[in-house]
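# Commentary on secondary and tertiary structure
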Amino acid sequence: MPYLPESLPAPAIDETSAPFWERCNAKRLSFQQCADCLTLVHPPLPVCPKCQSVHRNWVDAPSRARVFSFVWAHTAAHDSVKAVLPYNVVLVEFPDLPGVRLLSNVIGTMRGELAIGDGLELVWDQQAENRWLPRFRRVGAPAAQSGPSAARQADSTSVIRAS
Ligand SMILES: [Zn+2]
C-alpha cells in the first residue's frame, strides 16, 4: 500500500520534468544540473536560473539524506487524502549534494517521532501502476512500509505522546 492513496492525482508531467519522472519510474532519483555552471535545479526548469543555459545533465542523489523541515498535515489538501490524516510532508536535503531539496514523505513514522536533522534513506513507493515515487524512511526505523493509518494503528499500543 502506498503512503498516500492511489487516487491522489498524478504529478503534472511536461517536457521539462519528464526526465525526472522517467528516472523515478526506473527507481533512480536524479536531479537536474546545469551543464555550464553546475547549479542544481529542482524542480526541473527549461533554463538555468543562474546562467540561463539550456544545457543540462542529471546527477544521481546521494544515499545519505536528512530531514530539513517537515509538517504533519491535519487538513486534507485533496479529497483523496482525507482518510489518511494526519500525514507528513517532508523537505529532504542531501548533505553530500548541497543546493537541492526534495518534497517527499517519510513512511513508517508517527507524529512525534520525526525531527529536523533525522537521517533518512530513500525507499521507492509504488503510487500506481508505472508510477514510483521517491519516499524516505528514518535510518534505523523498522523496515515496514506502512501508510499513515498503519502508523496510527501501531501507535495505539504505545503511550500517546504530547506534540
Ligand atoms: Zn547555469
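So, here is what we can say about the structure in this document. (Residues numbered from 1 in each chain as written. Predicted model: local features only at pLDDT ≥ 70, side-chain atom pairs only at ≥ 80, totals over all residues.)

### Concerning the sheet that holds strand E3 (residues 56-60)
In plain terms, the rule: DSSP-based pairing: two strands are paired if at least 2 bridges between them are found. Helix and strand assignments come from DSSP, with helices taken as H or I runs of at least 4 residues and strands as E runs of at least 2, each series counted from the N terminus.
In space, the three strands of this open sheet follow the order E2-E1-E3, with antiparallel pairing throughout. Lying at the two open borders of the sheet, with one neighbouring strand each, are strand E2 (40-41) and E3. Judged from the five bridges that link them, strand E1 (residues 30-34) and E3 form a sheet pairing that is antiparallel. When the bridges of E3 are listed, Phe-31 appears paired with Val-59.

### As for the sheet that holds strand E5 (residues 87-93)
Strand pairing in a sheet takes place through backbone hydrogen bonds and is either antiparallel or parallel in direction. Spatial strand order, E6-E5-E4-E8-E9-E7: six strands in an open sheet with mixed pairing. Here the strands that pair on one side only, and so sit at the sheet edges, are strand E6 (101-104) and strand E7 (106-107). Strand direction decides the pairing type here: strand E4 (residues 65-73) and E5, joined by seven bridges, are antiparallel. For Val-71, the partnering residue across the bridge sits in E5 and is Val-89.

### Focus: the environment of Glu-22
Structurally, the position occupied by Glu-22 is in helix H1 (residues 18-25). Taking the C-alpha atoms as reference, Glu-22 lies 9.3 Å from Trp-132; in sequence the two are 110 residues apart.

### With respect to the environment of Ser-63
What counts is decided by this rule: Partly exposed residues are those whose C-beta has more than 12 but fewer than 20 other C-beta atoms within 10 Å; 20 or more makes a residue buried and 12 or fewer makes it exposed, with C-beta atoms placed from the backbone. Any pair of residues counts as being in contact when their C-beta atoms, constructed from backbone geometry, are within 7 Å of one another.
Tracing the backbone through its elements, the reader meets Ser-63 in the loop between E3 and E4. Residue classification places Ser-63 among the exposed residues on the basis of 11 C-beta atoms within 10 Å. When the C-alpha positions of Ser-63 and Leu-120 are compared, they lie 8.7 Å apart, and in sequence the two are 57 residues distant. Setting aside residues up to four positions removed in sequence, Ser-63 forms contacts with Glu-121 and Leu-122.

### Details of unusual backbone geometry
Following His-42, the chain continues into Pro-43 via a peptide bond in cis, with omega recorded as -5 degrees. The peptide bond linking Leu-85 to Pro-86 adopts the cis configuration, its omega dihedral lying at -10 degrees. Phi at Lys-27 is positive, roughly 55 degrees, even though this residue is not glycine. Turning to its location among the elements, Lys-27 is positioned in the loop between H1 and E1. Positive phi, normally seen in glycine, also occurs at Gln-52, with a value near 65 degrees. Summarising the element assignment, Gln-52 is placed in the loop between E2 and E3.

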